[in-house]
Amino acid sequence: MRDYRQFYINGQWVDPLTPNDFEVINPATEDFCALISLGTADDVDLAVAAARQAFSSYGRSNRQERIELLESCVAIYKKRYEEVAVAIREEMGSPQTFAMEEQADCGLGHLEEALRVLRDFEFEEEVGNARVFKEPIGVCGLITPWNWPLNQIACKVAPALAVGCTMVLKPSEIAPLSAHIWSEIMDEAGVPAGVYNMVNGDGPGVGTALSQHPDVDMMSFTGSTRAGVLVAQNAAPTVKRVAQELGGKSANIILDDADLEQAVERGALHMFSNTGQSCNAPSRMLVPAAKLAKAEEIAARTAASVVVGDPADEKTTMGPVVSKAQFDKIQGLIDAGIAEGAKLVAGGPGLPEGIDKGYFVRPTVFSGATNDMRIAREEIFGPVLTMIPYDTEEEAIAIANDTVYGLAGYVQSGDMDHARQVASRIRAGNVKINGASGGYAVPFGGYKQSGNGREWGAHGFTDFLEIKAVEGYEG
Ligand SMILES: NC(=O)c1ccc[n+]([C@@H]2O[C@H](COP(=O)([O-])OP(=O)(O)OC[C@H]3O[C@@H](n4cnc5c(N)ncnc54)[C@H](O)[C@@H]3O)[C@@H](O)[C@H]2O)c1
């Protein structure tokens, strides 16, 4: 059992001001695997004061100093890489192979990418008679979710460090283990005291205190649209910037000229990856009506190929969902899909065969759904694919855009020009054609109620920068 009850404030591991133990559950076993503390507004005050104090020097650090710091973070992260993967396996049930190859890789990927961008990022430009400076915004409050726990931390902390900001991180209380190791990495890498601070806690406690804090200059939030709205409301009276990375209900348009076998299999596997707990999951598969029967058969076969079970087993391709609350929510939505008349072609309610413990869900595929059903409108955040037939391409594009969200989109086609033309009409921040993946340099973020920020790569620096124009540079 890990004892992770201390917070990291001002370069020290410190006890919470008021003890409030919280058990972290391993969702594969339902046993508790760690203790953390839920902090209070008083702990937040200490962390913000440390960050404010540190900003007076770190905010004026030069590029070379920050390059060396990020290089050190990369080196220490590499050393602790496997520990990060094991922590993610324990805290959210991520299969070991996936945790090693995907989840833990994000931490390294974002650090290396921030370093690459920092080496020649333009912090100054000339506009008319002015020199325009991009300066660190100041003290940042970072709030992250449990589903890609280290990814979300790294894609905020790495750019914030790179541009000269100081920060207080509040990781998800559901999956806080990798955040603890990340904080040890920051410490060992020599991040100056107060530049990076970490306080555990829940949303109403630490999350609200950070969002409202008058000495926090910006909030970078990733999580549900519900909580993102609360952060913005709490931040409004102090007029701080709020960058939001929120939920999604992304469409995967299988065009008539796509290789159906390949496209449906790829889409279904992507849906089941991370047990469906990805904000950009291709959760609505739009299929030409004439090909629906064949697509159902391919999706059902793909669902049957998923190996659900013990995350520590290297053969496992799908672990449990993160918590009992998520399990219950997903079961409720599977029941709703059946009640609303969608056709169940794979999976369904209850535990997978042979499993009697842990928050495991059957890889589930619905077909013949309409876009007004709950399974087509609500973010399920579990391994549940909703197939929706369409008659014309115009109809497919309209269905894709008929959602309050706008995080991602997917287009499958045998003709790249055709795919690009359809991609241009999707109202979402990130569209992938035929399963392409651009890596850590490509901006990530949403339209509409999926948010307003952009993370990853050079675009990810912008949220953490203020613009200052100094006029009087002519001549
Ligand atoms: N757009 C993206 O980049 C992205 C990436 C990953 C996850 N997500 C979204 O995150 C959600 C899943 O994560 P979750 O269940 O942890 O989300 P959540 O909103 O419940 O929690 C996210 C974080 O916000 C905190 N929080 C909760 N209420 C708060 C409040 N009132 N004030 C401040 N902080 C508060 C939580 O403690 C946690 O740290 C999904 O909706 C998913 O789509 C979005």
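Just so we're clear, the structure is a prediction, and the values are computed from it rather than from any experiment.

Visitor: Explain the nonpolar core here, please?
Guide: By size, the foremost hydrophobic cluster in this structure holds 67 residues, and its most contacted members are Tyr 77, Val 157, Leu 161, Trp 182, Met 186, Tyr 196 and Phe 461. Not counting chain neighbours up to four residues away, the residues in contact with Tyr 196 comprise Tyr 8, Val 157, Met 167, Leu 169, Ala 179, Trp 182, Ser 183, Met 186 and Val 191. Counting residues in each nonpolar core, the second largest holds 32 residues, with Ile 388, Ala 396, Ala 419 and Ile 433 among its members.

Visitor: What is the right way to read helix α2 (residues 63-92) from this model?
Guide: Along an α-helix, a turn takes 3.6 residues, which lines up residues three or four apart on a common side. Taking 1.5 Å of rise per residue, 30 residues should cover 44 Å, yet α2 covers just 36 Å from first to last C-alpha, more than 12% shy of that figure. Along α2, the helix axis deviates most sharply at Arg 80, where the bend reaches about 60 degrees. You can read the cap of α2 off the contacts: a side-chain oxygen lies 3.1 Å from the backbone nitrogen of Gln 64, and it is on Asn 62. Of the residues trailing α2, Gly 93 is marked for its positive phi of about 75 degrees.

Visitor: Can you help me understand the sheet that holds strand β15 (residues 343-346) in this one?
Guide: Two modes of strand pairing occur in sheets, parallel and antiparallel, and in both the strands are linked by backbone hydrogen bonds. Strand order across the open sheet formed by 7 strands is β15-β16-β17-β14-β13-β18-β19, with mixed pairing between neighbours. Pairing within the sheet leaves two strands with one partner each, and these edge strands are β15 and β19 (430-433). Going across the sheet, the axis of each strand differs from the next one's by a mean of 25 degrees, ignoring polarity. Note: strand β14 (residues 284-288) against strand β17 (residues 384-390), 5 bridges, orientation parallel. When the bridges of β17 are listed, Val 287 appears paired with Pro 389. Here helix α9 (residues 292-305) sits on the sheet and contacts β14, β15, β16 (364-367) and β17; the angle it forms with β15, its principal contact strand, is near 45 degrees.

Visitor: Sorry if this is basic, but what is going on with the site of the ligand here?
Guide: With respect to spatial proximity, 28 residues lie near the ligand, and among them Thr 144, Glu 173, Ser 224, Leu 246 and Glu 379 are the closest. With respect to the ligand, the backbone of Gly 223 contributes an N or O atom lying 3.3 Å from an oxygen atom. Between Glu 379 and the ligand, the recorded distance is 2.5 Å, taken from a side-chain N or O atom to an oxygen atom. Of the pockets mapped on this structure, the ligand occupies the second largest pocket. Among the secondary structure elements, those contributing two or more residues to the shell around the ligand are α6 (203-212), β11 (218-222) and α7 (225-235). Counting residues per element, the shell around the ligand draws most heavily on α7, at 4 residues. For the shell around the ligand, the residue count by class is 13 nonpolar, 10 polar and 5 charged. Composition of the shell around the ligand by domain shows at least three residues from each of domain 1 (2-246 + 450-471) and domain 2 (251-439).

Visitor: I tried to follow the packing of helix α4 (residues 149-163) against helix α5 (residues 177-188) on my own but got confused; where do I start?
Guide: Geometrically, a packed helix pair is captured by the angle between its two axes and the distance between the axes. Interaxial distance between α4 and α5 falls to 10 Å at its minimum, and their mutual angle equals 30 degrees. Considering their axes alone, α4 and α5 lie roughly parallel with respect to each other. Seen from above, α4 lies across α5 with right-handed handedness. Across from Pro 149, Leu 150, Ile 153, Ala 154, Val 157 and Leu 161 in α4, the residues of α5 making contact are Ser 178, Ala 179, Trp 182 and Met 186. A breakdown of the residues in the contact of α4 with α5 according to their chemical character gives 9 nonpolar, 1 polar and no charged.

Visitor: What is the right way to look at the pairing of strand β12 (residues 241-245) in this model?
Guide: On a regular strand, each side chain points to the face opposite its neighbour's, so the side chains alternate between the two faces of the sheet. Within β12, 4 of the 5 residues are buried, which leaves the element mostly enclosed by the surrounding structure. Sheet topology note: the β11/β12 ladder contains 5 bridges and is parallel. Bridge assignment links Met 219 to a residue of β12, and that residue is Val 242. As a crossover connection, the stretch from β11 through α7 into β12 is right-handed.

Visitor: Got a minute to help me understand the domain arrangement of the protein in this structure?
Guide: A common way to state how big an interface is: give the accessible area lost once the parts meet. Taken domain by domain, the protein comprises domain 1 (2-246 + 450-471) and domain 2 (251-439). Relative to domain 2, the C-alpha centre of domain 1 lies at a distance of 30 Å. With 25 residues of domain 1 in contact, the opposing surface of domain 2 contributes 26 residues. Contact between domain 1 and domain 2 buries roughly 2000 Å² in total, counting both sides, with carbon and sulfur atoms accounting for 57%. Summed over the shared surface of domain 1 and domain 2, the result is 0 salt bridges. Sorting the residues of the side of domain 1 that touches domain 2 by element identifies α2 and α3 (96-119) as the ones contributing at least two each. When residues in the side of domain 1 that touches domain 2 are grouped by element, the largest group, 4 residues, is from α3. When grouped by side-chain class, the residues that make up the side of domain 1 that touches domain 2 number 11 nonpolar, 9 polar and 5 charged.

Visitor: Mind showing me how you'd approach the sheet that holds strand β1 (residues 2-4) here?
Guide: Taking strand neighbours across the sheet as the criterion, the 3 strands line up as β1-β5-β4 in an open arrangement whose pairing is mixed. Strands at the two margins of the open sheet, each flanked by one partner only, are β1 and β4 (21-26). Sheet twist, expressed as the mean angle between neighbouring strand axes with direction ignored, is 25 degrees. Note: β1 against strand β5 (residues 31-37), 3 bridges, orientation parallel. Within β5, the position partnered with Asp 3 by the bridge is Leu 35.

Criteria and thresholds
- Residues numbered from 1 in each chain as written.
- Predicted model: local features only at pLDDT ≥ 70, side-chain atom pairs only at ≥ 80, totals over all residues.
- Heavy atoms only, no water.
- Core = buried A, V, L, I, M, F, W, Y, C linked by side-chain atoms within 4.5 Å.
- Buried < 20%, exposed > 50% of the residue type's maximum accessible area, 1.4 Å probe, protein only.
- Contact = heavy atoms within 4.5 Å.
- Helix = DSSP H or I, 4+ residues; strand = E, 2+ residues; numbered from the N terminus.
- Expected span 1.5 Å × (residues − 1).
- Bend = angle between axes of the 7 residues up to and from the residue.
- Polar contact = N/O pair within 3.5 Å; in protein donor to acceptor, adjacent residues only side chain to side chain.
- Pairing = 2+ DSSP bridges.
- Axes fitted to C-alpha atoms, helices over the stretch in contact; angles between N-to-C directions.
- Near = heavy atom within 4 Å.
- 1 Å grid on protein atoms, 1.4 Å probe; cavity = no way out; pocket = protein on both sides within 12 Å on 5 of 7 lines; lining within 4 Å.
- Sits in = over half its atoms within 2 Å of the grid points.
- Nonpolar A, V, L, I, M, F, W, Y, C, P; charged D, E, K, R; others polar.
- Domains from an automatic or database assignment.
- Parallel < 35°, antiparallel > 145°, perpendicular 65-115°, else oblique.
- Left-handed = near helix turned anticlockwise from the far one by under 90°.
- Right-handed = clockwise from strand over helix to strand, strands pointing away.
- Buried area = accessible area lost by both parts, 1.4 Å probe.
- Salt bridge = Lys/Arg side-chain N within 4 Å of Asp/Glu carboxyl O.

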